[in-house]
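# Observations on the model geometry
These are the residues of each chain, in order.
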Amino acid sequence: MVTLTLKNVPEDLYEDLKRSAERHRRSINREAIVRLEQALRGGRPNVEDTLARVRRLRAQTPNVFVTDEALRAARDEGRP
């Protein structure tokens, strides 16, 4: 993967991106990538690519499990 640096981003555009990232519970970087994919590819990221990425991440963390109970507890604590 490559690194991209954006310069002179208008403050209001940055704030819009920041709010959108918060709404979607993503980092600003991830939100920017998703938005670029949508703009340049005409929609959502490729489902097969996304599933392959998820499977790779799961393989890297085989003993990490998040239960419904843990998710509810985190949500109830007010975490984003």
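The structure under discussion appears in the preceding block.
Figured I'd write up the structure that's included with this text. This one's a predicted model, so the numbers in the text were calculated from it and none came from an experiment.

All right, on to the overall build of the chain then. Of the regular secondary structure elements, the chain holds four helices and zero strands. Start at the N end of the chain and walk to the C end: the helices and strands fall as α-α-α-α. The C-alpha radius of gyration of the chain comes to 16 Å, more than 25% above the 12 Å expected for a compact globule of 80 residues. Each principal axis of the C-alpha distribution contributes one length, and for the chain these read about 40 × 30 × 20 Å.

Counted by the stated rule, this structure contains five salt bridges. A salt bridge links Glu37 to Arg41; the nearest nitrogen and oxygen atoms lie 3.7 Å apart. Of the two residues, Glu37 and Arg41 are both situated in helix α2 (residues 28-41); the distance of four residues between them amounts to about one turn of the helix. The exposure class of Arg41 is exposed, given its relative accessible area of 60%. Among the salt bridges present, the one from Asp76 reaches Arg75, with a minimum N-O distance of 3.3 Å. Residue Asp76 shares its accessibility class with Arg75, and that shared class is exposed. Salt bridges sharing partners connect three or more residues here, namely Arg26, Glu31 and Arg35.

Procedures and definitions
Each residue is numbered by its place in its chain's sequence as written, counting from 1. Totals for whole chains, interfaces and linings use every residue, but because this is a predicted model, local features are given only for residues with pLDDT of at least 70 and side-chain atom pairs only at 80 or more, for both listing and counting. By convention in this description, side-chain values take in all heavy atoms of the structure and omit both hydrogens and water. Elements are defined by DSSP. Helices are runs of H or I of four residues or more, strands are runs of E of two residues or more, and each kind is numbered from the N terminus. Radius of gyration: C-alpha atoms only; globule rule: 2.2 Å multiplied by the number of residues to the exponent 0.38. Any carboxyl oxygen of Asp or Glu within 4 Å of a side-chain nitrogen of Lys or Arg constitutes a salt bridge here. With a 1.4 Å probe rolled over the protein chains alone, any residue whose accessible area is under 20% of its type maximum counts as buried; one over 50% counts as exposed, and the rest are partly exposed.

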